[in-house]
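Structural characterization, general
So the chains spell out like this:
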Amino acid sequence: MKLPKYTSLQRRKPASLLAAVACTAMLFTGVACNKSVSDRTADLPALNPSNADLNAGTWNPILLPRPDTFAVPAPVATSNPLYVADLNEIKGYQAHLNDDQENKIKYWGAGGVLRWNEILRGLVAKYNLPPYQNADGTYPAPNSANPFAYPLFPFSNPPYAARAYAYISAAQYDALVACWYYKKLYNRPTPYKVDSTIKALATRTTLPSYPSEGAVLAGVTAEMMKLLFPDEIAAIQQKLEEQELSLILSGAATRSDILAGETLGRQVAELFITRGRADNAGKAIGTATDWAGFITTTQAAGQIPWYSLEVPKRPPMLPLFNKVKSFLLDSATVVSLRPGPPPLTGSDQMKTETEEVNSYVKNPSRENMRIVQFWADGVGTYTPPGHWNAIAAEDFVKKNFSEVRWARNLALLNMAIMDAGIVCWDTKYHYFNPRPTQLDPAIKTLTGIPNFPAYISGHSTFSGAASTVLGHIIPERAGAYDAMAQEASNSRMWGGIHYRTDCSVGLTVGRNIGNYAIQRATKDGAE
């Protein structure tokens, strides 16, 4: 299958959260980073689900024990003076809407899960910056206890980013399952159905309005983002308030719908925050003793160990990420999914594969160069996991999913991607295999060399998992996703930073992990 030739784009460090968000759709729009969000997505229609998924309150959540774990009080009657005051607030706003407010209604009306995912991709890109070395040649590490000190916390490298996408998507899904449960229980009509003088400035819906799904999303996402990107608390709060006001302005929700929704979202977030604080991610950086141990173990096996090619040498990236608690796998399964060893570093096969890599970088075709750059996803980008989120978002928009199905689908995708990262990092540091440029310094790579061992390819593992899950969600696109994953995998070999075995085995491992997400999908009640 021939893939579209997307425009090659140059990325730069965003100057602010808004600028960072504006970078998130670059791969598909060609819009430069300094364009505003409204410029980039003004033509997106309002979310108009083909199926409202009214029974989503019965779907199986991820961490939430049951949809009614957190009590939501019954709303007052629509004849109650308090509710009438809520309606009057909407009518007061709608009588004097300005252009900026109308743009915000349109922006958030395209879908809260979509917009928060874009914002998250922007934050990942903004913080995907490795620390600069100290004067003595050592490297400082970000510190979550002091996130404003240099280097800023976090360094949102691919494993960190994969975890962030997974936690936020999973929390959004659980919160919306609870939201849908209470919507059906209380069945409060939308404001424009109660009072015909209120305009429906976003899509008219059959969903009850209490609690507001948009406010649930705002509450759960903002709370999670404050944990993951603590330097951005003020900006995140601003986005929450912007979304919630847009819901009132549009006639989609009253103030009481919003308050109940935000409270529920924040309560669900606490479950995921508690898990996140104890999932071992804070220990993934390892110690100097750990780093030295990888070298001695590899040398004892008679193999050439990986070493950092940066000057001065940088400690390896998150070597203990394999100890992070996964969503779809237990710790024994993580180890069982570890593939067999790569070719021995002194073998004829390794020599042949190294020569193959060199042949690609010595005389690269224009098409290979385009592919290498398109899938590079290096420093200052939203990383390979974010790239697959962008691919998914573009296709989900066309499918007219409900908010809860959007969240469920992204949760499946991102849990698989996170767990793929865990298994991939387990494999990388178990074998500690050198990069092609170590075995042949004549190889001049066409993209940056990541600061961790070669086997297996992270891009390939992430892409294998992502393409497998997306192919299940949108079966008619399965062939296209597989072709994208293969291209992403090839790009790392064509760029000179991976051997063929790294890429082929990585794809296989990723697809195996994607199948665990599919097993969950077939049992979660949504199908």
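Please read these numbers as outputs of a predicted model, since none were measured by experiment. (Residues numbered from 1 in each chain as written. Predicted model: local features only at pLDDT ≥ 70, side-chain atom pairs only at ≥ 80, totals over all residues. Heavy atoms only, no water.)

1. Considering the overall build of the protein chain
Secondary structure assignment for the protein chain yields 21 helices and 0 strands. When its C-alpha atoms are laid out on the principal axes, the protein chain stretches across 80 × 50 × 45 Å. A fraction of 83% describes how many contacts in the protein chain between residues 6 or more apart in sequence connect residues 24 or more apart. As displayed, the protein chain offers around 20,900 Å² of accessible surface, 54% of which is attributable to carbon and sulfur atoms. If the 50 positive side-chain charges of the protein chain are averaged to one point and the 45 negative ones to another, these points end up 2 Å apart. (Helix = DSSP H or I, 4+ residues; strand = E, 2+ residues; numbered from the N terminus. Contact = heavy atoms within 4.5 Å. Areas by Shrake-Rupley, 256 points an atom, 1.4 Å probe, with all protein chains shown as cover. Lys, Arg positive; Asp, Glu negative; His and termini not counted. Charge placed at Lys NZ, Arg CZ, Asp CG, Glu CD.)

2. What about unusual backbone geometry?
Omega for the peptide link from F153 to P154 comes to 0°, which places this bond in the cis form. Among the secondary structure elements, P154 is positioned in the loop between α6 (112-127) and α7 (158-186). Unusually for a residue other than glycine, D377 sits at a positive phi of about 50°. Mapped onto the elements of the fold, D377 is located in the loop between α15 (366-374) and α16 (383-399). Judged by relative accessible area, which is 5%, D377 ranks as buried. (Buried < 20%, exposed > 50% of the residue type's maximum accessible area, 1.4 Å probe, protein only.)

3. As for the packing of helix α17 (residues 403-431) against helix α19 (residues 458-473)
Two elements in contact, α17 and α19, have axes separated by 9 Å at closest approach and are oriented at 155°. Here α19 runs roughly antiparallel to α17, going by the angle between their axes. By crossing handedness, the relation of α17 to α19 is classed as right-handed. Together, N409, L412, L413, A416, I417, A420, G421, C424, W425 and K428 of α17 and G458, T461, F462, A465, A466, V469, L470 and I473 of α19 make up the contact between the two elements. Residues of the contact of α17 with α19, tallied by class, amount to 13 nonpolar, 4 polar and 1 charged. (Axes fitted to C-alpha atoms, helices over the stretch in contact; angles between N-to-C directions. Parallel < 35°, antiparallel > 145°, perpendicular 65-115°, else oblique. Left-handed = near helix turned anticlockwise from the far one by under 90°. Nonpolar A, V, L, I, M, F, W, Y, C, P; charged D, E, K, R; others polar.)

4. Quick look at the environment of T508
With respect to the helices and strands, T508 occurs in helix α21 (residues 500-521). Separated by 369 residues in the primary sequence, T508 and Y139 have C-alpha atoms spaced 35 Å apart.

5. Concerning the layout of surface pockets
Estimated volume of the second largest pocket: approximately 530 Å³. Lining the second largest pocket are 33 residues; nearest its centre among them are L47, T203, T205, E213 and A252. In terms of residue class, the lining of the second largest pocket is made up of 13 nonpolar, 16 polar and 4 charged. (1 Å grid on protein atoms, 1.4 Å probe; cavity = no way out; pocket = protein on both sides within 12 Å on 5 of 7 lines; lining within 4 Å. Points joined across faces, edges and corners; volume = space filled by probe spheres on them.)

6. What to know about the environment of I236
In this fold, I236 is placed in helix α10 (residues 233-249). For I236, a relative accessible area of 1% translates into the label buried. Residues I236 and M225, 11 residues apart in the sequence, show an inter-C-alpha distance of 7.4 Å.

7. Description of the packing of aromatic side chains
Taken as a whole and assessed by the stated rule, the structure comprises 20 aromatic pairs. Their ring planes at 45° and their centres at 6.1 Å tell us that Y429 and F432 sit as a pair that is tilted. An aromatic cluster is present here, built from Y127, F153, Y160 and F229 joined pairwise through their rings. Here K428 stacks its cationic end above the ring of W425, 5.6 Å away from the centre of that ring. Sitting above the plane of the Y481 ring, R477 keeps its charged end 5.2 Å from the centroid. (Phe/Tyr/Trp six-rings, centres within 6.5 Å; stacked < 30°, edge-to-face > 60°. Lys NZ or Arg CZ within 6 Å of the ring centre and 35° of its normal.)

8. Focus on the nonpolar core
Grouped together as the largest cluster of nonpolar side chains are 130 residues, with contacts concentrated most on L176, F327, W388, F396, W406 and W425. Sequence-distant contacts of L176, defined by excluding residues within four places in its chain, comprise V113, E213, V216, L217, E403, V404 and A407. Formed by 10 residues, the second largest nonpolar core is a distinct cluster that contains Y192, I198, L247 and A253. (Core = buried A, V, L, I, M, F, W, Y, C linked by side-chain atoms within 4.5 Å.)

9. Observations concerning the packing of α10 against helix α11 (residues 255-277)
What describes two packed helices is the angle between their axes and the distance between those same axes. Direction vectors running N to C along α10 and α11 enclose 145°, while the axes themselves pass 10 Å from each other. Between α10 and α11 lies a crossing of right-handed hand. Seen from α10, the contacting residues are Q237, L240, E244, L247 and I248; seen from α11, they are R255, I258, E262 and R266.

10. Description of α17
Look at α17: 42 Å from first C-alpha to last across 29 residues, which is about the 42 Å you get at 1.5 Å a residue. Burial analysis of α17 places 28 of its 29 residues in the buried class, which makes it a mostly covered element. Downstream of α17 by a residue or two, F432 has a phi angle that is positive, lying close to 50°. (Expected span 1.5 Å × (residues − 1).)

11. Examining α21
Look at α21: 32 Å from first C-alpha to last across 22 residues, which is about the 32 Å you get at 1.5 Å a residue. If you check which residues of α21 are buried, you get T501, D502, C503, G506, L507, V509, G510, I513, G514, A517, I518 and A521. Where the residues of α21 are buried, they touch α14 (348-362), α17, α19 and α20 (478-494).

12. Side note on the confidence of the model for the protein chain
Segments scoring low in pLDDT should not have their predicted coordinates read at a detailed level. Averaged over all residues, the pLDDT of the protein chain equals 92, while 92% of them reach at least 70. For the stretch residues 1-42, pLDDT sits under 50, and the model shows 80 contacts to residues farther than four places along the chain or on other chains. (pLDDT = per-residue confidence, 0-100.)

13. Side note on the state of the cysteines
In total, this model carries 0 disulfides according to the counting rule given. C503 supplies the cysteine sulfur nearest to C424, a cysteine that is in no disulfide, at a spacing of 11 Å. (Disulfide = S-S within 2.5 Å.)

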